[in-house]
Amino acid sequence: MREDLYGYGDNRCRVIYEQRPGIPVLLLHGYSFTSDVWRDIGLLGELDGRRIPYLAVDMPYGKVSKCIKHTRNPVENVEFAKSAYKAFFGEVPPLVVGASLGGYIALRYATSNPVAGLLLVAPVGAGEFVDAFRRMKVRMRIFYGERDDVVDYAELRDFASAVGGELVVYEGAGHALYLDQPSRFLRDFADFYNKILPKPP
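The rules behind these values
- Residues numbered from 1 in each chain as written.
- Predicted model: local features only at pLDDT ≥ 70, side-chain atom pairs only at ≥ 80, totals over all residues.
- Heavy atoms only, no water.
- Phe/Tyr/Trp six-rings, centres within 6.5 Å; stacked < 30°, edge-to-face > 60°.
- Lys NZ or Arg CZ within 6 Å of the ring centre and 35° of its normal.
- Disulfide = S-S within 2.5 Å.
- Helix = DSSP H or I, 4+ residues; strand = E, 2+ residues; numbered from the N terminus.
- Buried < 20%, exposed > 50% of the residue type's maximum accessible area, 1.4 Å probe, protein only.
- Arc of directions from axis to C-beta.
- Contact = heavy atoms within 4.5 Å.
- Expected span 1.5 Å × (residues − 1).
- Salt bridge = Lys/Arg side-chain N within 4 Å of Asp/Glu carboxyl O.

Colleague: What is the right way to read the packing of aromatic side chains from this model?
Modeller: Within a pair of aromatic rings, the relevant descriptors are the distance that separates the centres and the angle that separates the planes. This model, assessed by the stated rule, comprises 14 aromatic pairs. The rings of Phe33, Trp38, Phe143, Tyr170, Tyr178 and Phe185 are connected pair by pair, giving a single aromatic cluster. Directly above the aromatic system of Tyr170 lies the positively charged group of Arg184, at a separation of 3.9 Å from the ring centroid.

Structure below.
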C-alpha cells in the first residue's frame, strides 16, 4: 500500500495505490470523506490480501480531500480521475467503485471511458444517466441503505430497472452503508469482483 501526490491541471491530490497484474479497482469516495474511508472499512486490506491492483484517489470535489485546489466541477473531476487512473494503469478498464458523489462521478466516467464494471454506493443523480446506460452494456451493482436520508430509493430502483443493474438494499443501514455494515460490504465487493473476472477457457 503506497501513497503519493498526483497532479493534473491545477489540482494535486493524494492517491493510495498498488500496481499489480489483474483488473484494477478505481475507488472514488463521497463528498464528506477521503480515501482513508476505504482503508478504515478494511477494503484496501482486502485488496492487498487478494493481490488486486487498486487506485484510491482523494478527489478534488471532496470537502476534506487531501488536495491542493478543490473543485466541484464534474467535468474536471472526471478528467482528474481519468488522468490519474491512466498514469497508474494505462488503458486497462477498471472496476469503478463510487460512493454518493463519487458514484455520480463514476457514472459520468463510465459514459466516456471503458470500465470492467460499476459498483455504486447510493450514487447521487443516477436518474440523469438512464438514457446513456440504456445504450451501454455495463455490469453494475448498486447498494442502498434502508435508512438513507440523502438519496431517493425510487430513483435508484427505477434507474437499476431501466439499465439492467442489480440493486441491493442494506436493511438498517444509512447513506454510508459500508460504515454501518463493513463486513457485508466487503463480502459483496468480493462477490462482484469475482463476477467480472474473465472466465477460464
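Colleague: So what exactly am I meant to see when it comes to the state of the cysteines here?
Modeller: Overall, the coordinates contain one disulfide when judged by the stated rule. Residue pairing for Cys13: its cysteine sulfur links by disulfide to Cys67, the two sulfurs lying 2.1 Å apart. Where Cys13 bonds to Cys67 through sulfur, the torsion about that S-S bond is close to 115°, and the disulfide is right-handed. Linking Cys13 in strand β2 (residues 11–18) with Cys67 in strand β5 (residues 67–68), this pair joins segments that are 54 residues apart in sequence. The exposure class assigned to Cys13 is buried, which follows from its relative accessible area of 0%.

Colleague: Explain helix α6 (residues 153–163) to me, please; I cannot follow it from the model alone.
Modeller: Along an α-helix, a turn takes 3.6 residues, which lines up residues three or four apart on a common side. Listed in full, the buried residues belonging to α6 are Leu156, Phe159, Ala160 and Val163. Along α6, the residues classed as buried sweep out an arc of 95° about the axis, all on the same side. The inward-facing, buried residues of α6 contact α4 (101–112), α5 (130–134), β8 (140–145) and β9 (166–170). After α6 finishes, the residue Gly164 shows a positive phi value of roughly 80°.

Colleague: What am I meant to see in helix α8 (residues 182–196) here?
Modeller: Spanning 15 residues, α8 covers 21 Å between terminal C-alpha atoms, matching the ideal 21 Å at 1.5 Å per step. Within α8, burial applies to Phe185, Leu186, Asp188, Phe189, Ala190, Phe192, Tyr193 and Ile196.

Colleague: Mind showing me how you'd approach unusual backbone geometry here?
Modeller: If a residue is not glycine, its phi is most likely negative; likewise, a peptide bond is most likely trans. Unusually for a residue other than glycine, Lys69 sits at a positive phi of about 70°. Topologically, Lys69 is positioned in the loop between β5 and α3 (74–89). Note on Lys69: relative accessible area 39%, which makes it partly exposed. Residue Ala122 is not a glycine yet carries a positive backbone phi of 45°.

Colleague: Any chance you could explain the pattern of salt bridges here in plain terms?
Modeller: Between side chains of opposite charge, a pair can form when the charged atoms approach closely. All told, the structure shown has 16 salt bridges when counted by the stated rule. Residues Lys86 and Glu91 are paired through a salt bridge, measuring 3.3 Å at the closest nitrogen-oxygen approach. A salt bridge links Glu166 to Arg141; the nearest nitrogen and oxygen atoms lie 2.9 Å apart. Pair noted here: Glu166 is in strand β9 and Arg141 is in strand β8, with a separation of 25 residues, a long-range link. Here Glu166 falls in the partly exposed class, since its relative accessible area comes to 37%. With relative accessibility at 3%, the residue Arg141 sits in the buried group. When salt bridges that share partners are traced, they join Glu3, Arg14, Asp36, Arg39, Asp58 and Lys66 into one network.

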